[in-house]
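Take a look at the letters that make up each chain.
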Amino acid sequence: MATYKPKNILITGAAGFIASHVANRLVRNYPDYKVVVLDKLDYCSTLKNLSPETRKSPNFRFVKGDIASADLVNYLLITESIDTIMHFAAQTHVDNSFGNSFEFTKNNIYGTHVLLEACKVTGGIRRFIHVSTDEVYGETDEDAVVGNHEASQLLPTNPYAATKAGAEMLVMAYSRSYGLPAITTRGNNVYGPNQFPEKLIPKFILLAMRGLQLPIHGDGSNVRSYLYCEDVAEAFEVILHRGEVGQVYNIGTKKERRVLDVAKDICKLFDLDPNRVIRFVEDRPFNDQRYFLDDQKLKNLGWSERTTWEEGLRKTMEWYTTHPDWWGDVTGALLPHPRMLMMPGGERNWTEELVTMGSASPKENSTKTAEPAPVSEEKAKFKFLLYGRTGWIGGLLGELCEKQNIPYEYGTGRLEDRTSLMLDIQRVKPTHVFNAAGVTGRPNVDWCESHKQETIRTNVVGTLNLADVCRENGLLLMNYATGCIFEYDEGHLLGSGIGFKEEDKPNFTGSFYSKTKAMVEELLKEYDNVCTLRVRMPISSDLSNPRNFITKIARYDKVVNIPNSMTVLDELLPLSIEMAKRDLRGIYNFTNPGVVSHNEILEMYKKYMDPEFTWKNFTLEEQAKVIVAPRSNNEMDASKLKKEFPELLSIKESIIKYVFEPNKKVHF
């Protein structure tokens with residue numbers, strides 16, 4: 001058997017999962033090969049996937065760029081004297097392809113076409129290894145005992161598989177028309193370290209690590225075959241050196257597992273009860289029951305699977321538990337049905353919500369669990385759709401619904417995407433909608449000053465979208481707004497006890513955040529299906545939460561000392577649920593009656609929490625030197641809310657009862 005020896009290899013997409021393992025292997029094992037990696041660093045790729053040893057190696061070069069850029073590809077093929085291409089770059093997640101199929105066509109078909117044309121124009125390519133997928137074969141019969149072989153008909157059933165089949169046709173055409181020395185691979189599912197957690201196994205591992213439920217599409221009977229990443233990297237090493245031009249090679253395993261069994265195996269690793277943790281959710285639009293490959297052709301080249309399922313899964317679990325933050329914020333990827341949450345040029349930040357996934361115990365909010373809970377009278381009466389799962393108030397709302405046995409789900413749509421909001425409502429069929437999503441700034445409102453378009457998109461466009469969609473569907477929207485749209489003035493002097501009422505016109509425009517909130521509040525007055533709740537300087541009993549106003553000022557070096565109206569969430573958030581049940585509408589100052597100053601709060605903190613605690617004050621003029629945007633200071637008139645809930649405590653009483661008494665430390 002003739003052995004091929006490359007000189008200069010271009011690997012596309014090698015900051016992604018499979019290709020990074022291949023690149024690391026080739027750089028490590030073949031110092032006389034030059035390896036050039038081309039990757040645009042999309043949401044599911046990172047330079048960290050290429051090991052430090054690889055990045056430091058003299059036979060390695062990384063180029064950040066898109067395979068769809070013909071000029072860049074032509075330049076690299078010529079200047080790097082590329083003789084071998086291993087083409088991995090692609091959008092690969094099936095769920096994403098149902099929601100954004102055009103992006104898959106652009107990356108998987110057009111990108112491949114650009115690469116092929118560059119090969120034709122520049123010449124000099126001695127091997128073109130095109131990486132495809134087992135999904136191009138479509139669904140395998142459940143009773144089939146022989147897997148799809150390389151000459152089997154291609155019958156893709158989802159947009160992702162269709163784009164990969166289309167790319168294969170282009171490779172075949174260039175091979176036949178222009179003599180391109182191409183080899184195609186079609187592989188089973190791959191798992192292991194470094195994989196972005198939109199895929200099943202890393203997703204389930206991270207959810208188990210977080211104590212959340214594992215969502216399974218449909219009934220979990222779908223069968224898949226899984227190969228460990230290092231075994232697959234070795235397969236590509238074999239195909240590179242021993243593969244025959246013009247051939248297709250299946251990279252597969254005969255060992256199949258139901259998705260449900262994969263979830264149970266992961267539960268076993270984490271010592272979790274599958275009946276309590278596994279949650280069945282709506283299936284994909286089309287979910288192939290089985291993919292089964294005949295991999296004898298590759299075995300004839302000398303390759304075989306080395307890693308057992310048990311060993312590979314254990315290694316993968318150990319890697320994710322020791323690298324939990326490898327991918328940063330992956331909230332969006334952990335959704336049961338993630339969409340393409342990252343687009344080229346975007347930031348890895350998911351402001352929208354992880355759908356209903358409670359802790360690893362039976363949840364009343366589950367669509368379907370292994371042990372369904374009985375439906376209570378309350379559950380039959382209400383169902384809430386919540387937005388803002390990753391936010392503070394949104395998270396607390398979910399906890400309150402669970403305590404009150406109210407069924408709820410978090411919306412998966414982005415507020416500025418009207419269609420996705422309509423789909424949420426059709427899917428959840430809520431009786432009420434709660435909006436706690438919004439941009440307040442990262443880490444504070446100063447961020448909004450330099451990100452005005454993003455702030456408008458969520459705080460104004462998004463909120464109005466949601467209100468309008470709710471109105472069309474006859475739904476009450478409980479909208480958590482802000483009272484930071486007022487400042488003390490001649491009619492509402494500091495210390496006068498005269499607070500701003502609901503009908504007063506906002507007078508604070510010092511920050512862009514406040515401008516957007518005042519703007520959208522004014523427009524929401526045209527919607528009679530909205531209840532606007534003006535929250536101010538929110539406080540809760542969780543003194544470890546950095547968003548808690550008390551926690552914030554206790555950590556500052558210096559604070560101003562100005563009386564303000566504030567919201568004790570432990571007391572008021574349950575009232576907002578009651579307000580929804582009472583069908584209240586219009587604007588409410590959602591604060592405790594009265595005001596409290598920074599110094600008064602810190603005096604309480606010193607009394608109840610730390611007798612040694614000290615702090616310093618500074619003036620508004622001094623504060624202005626260390627912040628970008630001015631801050632709102634005011635007193636809100638809470639008499640309208642107090643009339644609805646006579647038991648409502650004053651701000652100082654509420655802070656003591658709900659915050660400091662429960663957290664009180666005994667000092668000797």
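Preceding this paragraph is the structure being described.
Rules behind the numbers
- Residues numbered from 1 in each chain as written.
- Predicted model: local features only at pLDDT ≥ 70, side-chain atom pairs only at ≥ 80, totals over all residues.
- Heavy atoms only, no water.
- Pairing = 2+ DSSP bridges.
- Helix = DSSP H or I, 4+ residues; strand = E, 2+ residues; numbered from the N terminus.
- Axes fitted to C-alpha atoms, helices over the stretch in contact; angles between N-to-C directions.
- Phe/Tyr/Trp six-rings, centres within 6.5 Å; stacked < 30°, edge-to-face > 60°.
- Buried < 20%, exposed > 50% of the residue type's maximum accessible area, 1.4 Å probe, protein only.
- Lys NZ or Arg CZ within 6 Å of the ring centre and 35° of its normal.
- Lys, Arg positive; Asp, Glu negative; His and termini not counted.
- Salt bridge = Lys/Arg side-chain N within 4 Å of Asp/Glu carboxyl O.
- Polar contact = N/O pair within 3.5 Å; in protein donor to acceptor, adjacent residues only side chain to side chain.
- Contact = heavy atoms within 4.5 Å.

Caption draft 1: Looking closely at the sheet that holds strand E6 (residues 182-187). Read from one edge of the open sheet, seven strands run E3-E2-E1-E4-E5-E6-E10, paired in parallel fashion. Each edge of the open sheet carries a strand with a single partner, namely strand E3 (60-64) and strand E10 (248-251). Taking the axes of each pair of neighbouring strands and ignoring which way they run, one obtains an average angle of 20 degrees across the sheet. In this structure, strand E2 (residues 34-39) lies alongside E3, joined through five bridges in parallel fashion. Residue pairing across strands places Val37 opposite Phe62, the latter belonging to E3.

Caption draft 2: Representation of the packing of aromatic side chains in the model. Applying the stated criterion to the full structure yields 20 aromatic pairs. With a centroid separation of 5.1 Å and 70 degrees between ring planes, the pair formed by Trp319 and Trp326 is classed as edge-to-face. According to the relative accessible area criterion, Trp319 is buried, its value standing at 13%. Here a set of aromatic residues connected by ring pairs shows up, and it is made of Tyr605, Tyr608, Phe613, Trp615 and Phe660. Directly above the ring of Trp326 sits Lys48, whose terminal nitrogen or CZ lies 4.7 Å from the centroid. Lying across the ring of Tyr588, Lys640 places its NZ or CZ 4.3 Å from the centre.

Caption draft 3: The arrangement of the side chain of Glu502 in detail. Summarising the element assignment, Glu502 is placed in the loop between strand E16 (476-482) and helix H18 (512-524). Buried charged residue Glu502 carries no salt bridge. Nearest counter-charge: Lys640, at 5.3 Å. For Glu502, the side chain forms a polar contact with the main-chain nitrogen of Asn589, separated by 2.8 Å. Look past the residues within four positions of Glu502 in its chain and what remains in contact with it is Arg534, Ile587, Tyr588, Asn589, Asp637 and Lys640.

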